[in-house]
Amino acid sequence: STQSRSSAASDVYKRQANNGSAFKQLLLSNDSRLFSDNHVLAKLDKSKFIESYPQFIYEVRNTVEMGVIEITYSSNRPAKFSGFMREGCIYTVKGNQHSTELSHYPIRPSDG
């Protein structure tokens, strides 16, 4: 609720004023809210961290050749192409032939 978020924010500000920063307090206490899903603080390799969870790939693109294209899939394997802003699906047009290649390998049914 809004009131509980406001109260939590208030508690954070009180801790900052009284005991140093909230970040420092959480860091010193190894609070799971700070370390959970944080590759920097956990000292994990960024690529391995990113690839350790299924990735959700979503892309919407408006192309001259094919109009609006939307693609959504999940992957639990490394990307074929690196880069944060990579295309989720690479479209190739050669004459009247259109082909696609996904940036990740999709989750196989056997991987569930």
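Everything in this summary refers to the structure shown in the same document. Note that the structure is a prediction, hence the values are computed from the model and not measured. (Residues numbered from 1 in each chain as written. Predicted model: local features only at pLDDT ≥ 70, side-chain atom pairs only at ≥ 80, totals over all residues. Heavy atoms only, no water.)

Tallying secondary structure elements over the protein gives four helices and four strands in all. Taken across its 112 residues, the protein has 15% of its residues classed as buried. For the protein, contacts bridging at least 24 residues in sequence account for 33% of all contacts bridging at least 6. When the accessible area of the protein is evaluated, it comes to approximately 8800 Å², of which 52% is carbon and sulfur surface. (Helix = DSSP H or I, 4+ residues; strand = E, 2+ residues; numbered from the N terminus. Buried < 20%, exposed > 50% of the residue type's maximum accessible area, 1.4 Å probe, protein only. Contact = heavy atoms within 4.5 Å. Areas by Shrake-Rupley, 256 points an atom, 1.4 Å probe, with all protein chains shown as cover.)

Turning our attention to the side chain of serine 75. With respect to the helices, strands and loops of the structure, serine 75 is situated in strand β2 (residues 67-75). For serine 75, the residues in contact, after removing those within four places along its chain, are Tyr53, Pro54, Gln55, Ile57, His104, Tyr105 and Ile107.

In this section: unusual backbone geometry. One non-glycine residue, asparagine 30, lies in positive phi territory at about 50 degrees. In this fold, asparagine 30 is placed in the loop between α2 (22-28) and α3 (32-35). Positive phi outside glycine occurs at lysine 43, with the angle close to 60 degrees. Following the sequence through the fold, lysine 43 ends up in the loop between α3 and α4 (46-51). Among the residues examined, lysine 43 registers a relative accessible area of 76% and is labelled exposed.

The biggest cluster of nonpolar side chains holds six residues, and these are Ile57, Ile69, Ile71, Tyr73, Cys89 and Tyr91. Looking at this core, the elements that each hand over two or more residues are β2 and β3 (89-94). Counting residues per element, this core draws most heavily on β2, which supplies three residues. Not counting the four nearest positions on each side in its chain, isoleucine 69 is found in contact with Glu59, Val60, Arg61, Thr63 and Tyr91. (Core = buried A, V, L, I, M, F, W, Y, C linked by side-chain atoms within 4.5 Å.)

For the structure shown, the criterion picks out two salt bridges. In this structure, arginine 33 and aspartate 31 form a salt bridge, with 2.9 Å as the shortest nitrogen-oxygen distance. With a shortest N-O distance of 2.2 Å, arginine 61 and glutamate 59 are connected by a salt bridge. A relative accessible area of 21% means that arginine 61 is categorised as partly exposed. (Salt bridge = Lys/Arg side-chain N within 4 Å of Asp/Glu carboxyl O.)

Moving on: the pairing of β3. Alignment of β3 against strand β4 (residues 97-102), held across six bridges, turns out to be antiparallel. Its bridge partner lying in β4, tyrosine 91 is registered against threonine 100. Where β3 hands over to β4, the hairpin turn is made up of two residues, of which glycine 95 adopts a positive phi near 65 degrees. (Pairing = 2+ DSSP bridges.)

Moving on, we get to a nonpolar patch on the surface. Together, Phe56, Tyr58, Val60 and Val68 make up an exposed nonpolar region whose accessible area comes to about 450 Å². The element contributing the most residues to the nonpolar patch is strand β1 (residues 55-63), with three residues. Mapped onto the secondary structure, phenylalanine 56 falls in strand β1. (Patch = residues over 30% accessible without salt bridge, like charges linked within 9 Å, V, L, I, M, F, W, Y side chains within 5 Å.)

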